[in-house]
Amino acid sequence: MAPEPKAGGAAAPSPAGPALLSVRDLAVTFRTRDGEVPAVREVSFDLARGEILGLVGESGSGKSTLLTALMRMLPRNAGITAGHIGFDGTDLLALREDGMRRLRGDRIGLIPQRPMTSLSPTTSVGRQLRWHLDGLDEGRLKELLGGVGLGAVLDRLDSYPFEFSGGQLQRLLIAVAALGKQPDLLLADEPTTTLDATVQAQVLRLLLELRDRVGLTMVFVTHDLGVISQVSDRIGVMYAGRLVEVAPARELFDAPRHPYTRALLEAIPGRHRRGEPLRSIPGTVTGANRLPGCPFAPRCAAVVDRCHEENPEVREVGESLVRCHRAGEDL
Ligand SMILES: Nc1ncnc2c1ncn2[C@@H]1O[C@H](COP(=O)(O)OP(=O)(O)OP(=O)(O)O)[C@@H](O)[C@H]1O
């Protein structure tokens, strides 16, 4: 028999201690010419100090929107329409913009998906580093750049962003956001996607070291399940704006509970026997959040009639939280 739905905010509590970040029933909507697009829906989770939550999901599932909502940096045509965000005892949605700006500078950092969008094209990279990091001396600069494998660009800091590769710029941003500012909470949107495998491994090691050394807490978004398995304590799986499963990393890989999580894992090439055709998940996520019932129902291998009629609540199965009518069943 399926377990009972969890009462109240259907949160994914952090098992690791009191929450630094606490999100409840968050909803974000974009206003477009075709009407309102719900991008994030009923998202709840807690994050303890020093914990790394990985977020995965197909393109368009709402990962970036969720991160920018947490920073209150949504585009003009988007708004938070419901929910609560608590950060270290502060209600972020009640904070005035100047208070929020101070938090963003010092305590909450963002590594964006596209490095060019957060750098000025007309100012040298060295000057921009100094803007962001007050009192940056030569020794510290060397240490920061060395930490992200960029020691070689030390004598090119008079150059402009277009004179660097995307991977170099991404590492510069990581040096500023993670190493330079050492925020309490770091939100990282696909921070290593543009990096080659060696540099990617180096940056991931660095982020883990920071977690161990200074208790860095992080939400780490990626498409790459291999990367997420290396860095995350817990993993949240997003589908059509909702968190459909949150589980300790090992649990998620060993015993995925949501049919969508299973489908994602089955689509990883390494999990297939040689010669077996690669599987993909049939259908697309587009528009799924407008359907009645479970948004994954049209693509789900375990669908039953009820899935087309009722949107499932979050249920607790072992250490996992799962938004599925069939959670806990032997599928
Ligand atoms: N500026 C925008 N205007 C209108 N709709 C938007 C805008 N940005 C995102 N959306 C919509 O919000 C939803 C979530 O998008 P979002 O970029 O957060 O997904 P994502 O999971 O981060 O995708 P990706 O992995 O491709 O970055 C999608 O339906 C998307 O079309």
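Criteria and thresholds
Every chain is numbered on its own, with residues counted from 1 as its sequence reads. Owing to the predicted nature of the model, reporting of local features is limited to residues with pLDDT of at least 70; listing and counting of side-chain atom pairs is limited to 80 or more, with chain, interface and lining totals taken over all residues. Helix and strand definitions here come from DSSP, where helices need a minimum of 4 consecutive H or I residues and strands a minimum of 2 consecutive E residues; each element is numbered from the N-terminal end. By the criterion used throughout, residues are in contact when their C-beta atoms, derived from the backbone, lie within 7 Å. The criterion for strand pairing is that DSSP finds at least two bridges linking the strands in question. Angles here are taken between N-to-C directions and fall from 0 to 180 degrees, while the axes themselves are lines fitted to C-alpha atoms, restricted in helices to the stretch in contact. Buried, partly exposed and exposed are defined by the number of other C-beta atoms within 10 Å of a residue's own C-beta, namely 20 or more, between the two limits, and 12 or fewer respectively, with C-beta atoms placed from the backbone. Directions drawn from the helix axis to the C-beta atoms are what define this arc. Look down the strands so they point away from you; if going from the first strand over the helix to the second traces a clockwise path, that crossover is right-handed. In this text, near has one meaning. A residue is near a molecule or strand if its C-beta atom, placed using the backbone, is within 6 Å of it. Amino acid classes used here: Ala, Val, Leu, Ile, Met, Phe, Trp, Tyr, Cys and Pro are nonpolar; Asp, Glu, Lys and Arg are charged; the rest, including Gly, are polar. In this usage, the nonpolar core is the set of buried Ala, Val, Leu, Ile, Met, Phe, Trp, Tyr and Cys residues whose C-beta atoms join them within 7 Å. Convention used here: angles under 35 degrees read as roughly parallel, angles over 145 as roughly antiparallel, angles from 65 to 115 as roughly perpendicular, and any remaining angle as oblique. Each crossing gets its handedness from the near helix: less than a right angle anticlockwise from the far helix is left-handed, clockwise is right-handed.

Novice: Hey, could you run me through the overall build of the chain in this one?
Specialist: On a plain count of helices and strands, the chain comes out with ten helices and twelve strands. Put simply, of all contacts in the chain between residues at least 6 apart along the chain, 68% involve residues at least 24 apart.

Novice: Honestly, the sheet that holds strand E2 (residues 35-48) in this entry has me stumped. Any pointers?
Specialist: A sheet is described by the order of its strands in space; here four strands give the open sequence E2-E1-E4-E5, paired in antiparallel fashion. Two strands in the sheet have a free side with no partner beyond their single neighbour: E2 and strand E5 (90-91). Where strand E1 (residues 19-32) lies against E2, ten bridges are found, and the strand directions are antiparallel. Opposite Thr29, over in E2, you have Pro38 as the bridge partner. Across the sheet, helix H1 (residues 63-70) lies against E1, E2 and strand E4 (78-87), angled at about 70° from E2, the strand it touches most.

Novice: Is there a simple way to think about helix H4 (residues 138-147) in this case?
Specialist: Residues spaced three or four apart along an α-helix face the same direction, because each turn holds 3.6 residues. Regarding H4, the residues found buried are Leu144, Leu145 and Gly147. Projected down its long axis, H4 carries its buried residues within an arc of 160°, all on one side. Among the exposed residues of H4, those oriented more than 90 degrees off its buried face are Glu138, Gly139 and Lys142. Buried residues in H4 make contact with helix H5 (166-180) and helix H6 (197-214). Immediately beyond the C-terminal end of H4, within one or two residues, lies Gly149, with a positive phi of roughly 70°.

Novice: Any chance you could explain unusual backbone geometry here in plain terms?
Specialist: Leaving glycine out, the prevailing phi sign among residues is negative, and the prevailing peptide bond configuration is trans. Phi at Asp88 takes a positive value of approximately 50°, unusual for a residue other than glycine. For Asp88, a count of 17 C-beta atoms within 10 Å corresponds to the partly exposed category. Of note, the phi angle at Ala240 is positive, near 50°, even though the residue is not glycine. Tracing the chain through its elements places Ala240 in the loop between strand E9 (234-239) and strand E10 (242-248).

Novice: Where do I start with helix H9 (residues 259-266) in this structure?
Specialist: Within H9 the residues assigned to the buried category are Pro259, Tyr260, Thr261, Ala263 and Leu264. Looking at the buried side of H9, the elements it contacts are strand E3 (52-56), helix H7 (225-231), E9, E10 and helix H8 (249-254).

Novice: Please clarify how the pairing of strand E8 (residues 217-221) should be interpreted in this entry.
Specialist: Working note: regular strand, side chains alternate between the two faces of the sheet. Of all five residues making up E8, five are buried, and the element is well covered by its neighbours. The side-chain alternation of E8 yields two buried faces, one formed by Thr217, Val219 and Val221 and the other by Met218 and Phe220. Pairing of E3 with E8 involves four bridges; the strand directions are parallel. Its bridge partner lying in E8, Leu55 is registered against Val221. With five bridges joining them, strand E7 (residues 185-189) and E8 adopt parallel strand pairing. Its bridge partner lying in E8, Ala188 is registered against Phe220. Read from E7 through H6 to E8, the crossover connection turns out right-handed.

Novice: Mind showing me how you'd approach the site of the ligand here?
Specialist: By nearness alone, 14 residues border the ligand, and Phe30, Ala39, Ser59, Ser64 and Thr65 come closest of all. Examining the composition of the shell around the ligand, we find that three residues originate from one element, H1, more than from any other. Each residue belonging to the shell around the ligand can be placed in one class, and the counts come to four nonpolar, nine polar and one charged.

Novice: Please explain the nonpolar core as it appears in this structure.
Specialist: Generally speaking, soluble globular proteins have nonpolar side chains that are buried together. Residues Ala175, Leu186, Leu187, Val219, Phe220 and Val237 are the most contacted members of the largest nonpolar core, which totals 79 residues. Ranked by residue count, the leading element in this core is H5, at nine residues. Once residues within four sequence positions are removed from consideration, Leu186 is found in contact with Gly109, Ile111, Ala177, Ala178, Leu216 and Met218.

Novice: Can you help me understand the pairing of strand E11 (residues 314-317) in this one?
Specialist: Inspection of the sheet shows E11 paired to strand E12 (residues 320-323) by four bridges, in the antiparallel sense. When the bridges of E12 are listed, Glu316 appears paired with Leu321. Between E11 and E12, which follow one another and run antiparallel, lie two residues, and Gly318 among them has a positive phi close to 55°.

Novice: Which parts of the structure should I look at to understand the sheet that holds E11?
Specialist: Strands pair in a sheet through their backbones, by hydrogen bonds, and they do so in one of two ways: parallel or antiparallel. Taken in spatial order, the eight strands of this open sheet run E6-E7-E8-E3-E9-E10-E12-E11, and their pairing is mixed. Each edge of the open sheet carries a strand with a single partner, namely strand E6 (108-111) and E11. The average undirected angle you get between the axes of adjacent strands in this sheet is 20°. Packing of H9 onto the sheet brings it into contact with E3, E9 and E10, and relative to E9 it is tilted by some 100°.

Novice: Looking at this structure, how should I read the packing of H5 against H6?
Specialist: At a closest axis distance of 12 Å, the pairing of H5 and H6 adopts a crossing angle of 5°. In terms of axis orientation, H5 runs roughly parallel to H6. Side by side, H5 and H6 meet where Gly167, Arg171, Ile174 and Ala178 of the first sit next to Val199, Val203, Leu207 and Leu210 of the second. The residue makeup of the contact of H5 with H6, split by class, is six nonpolar, one polar and one charged.

Novice: Can you walk me through the packing of H4 against H5 in this structure?
Specialist: What describes two packed helices is the angle between their axes and the distance between those same axes. With their axes 9 Å apart at the nearest point, H4 and H5 run at an angle of 110° to one another. As judged from the angle between their axes, H4 and H5 are roughly perpendicular. The hand of the H4/H5 crossing is right-handed. Residues Leu144, Leu145 and Gly147 of H4 form the contact with H5, whose own contacting residues are Ala175, Leu179 and Gly180. Broken down by class, the residue content of the contact of H4 with H5 amounts to four nonpolar, two polar and no charged.

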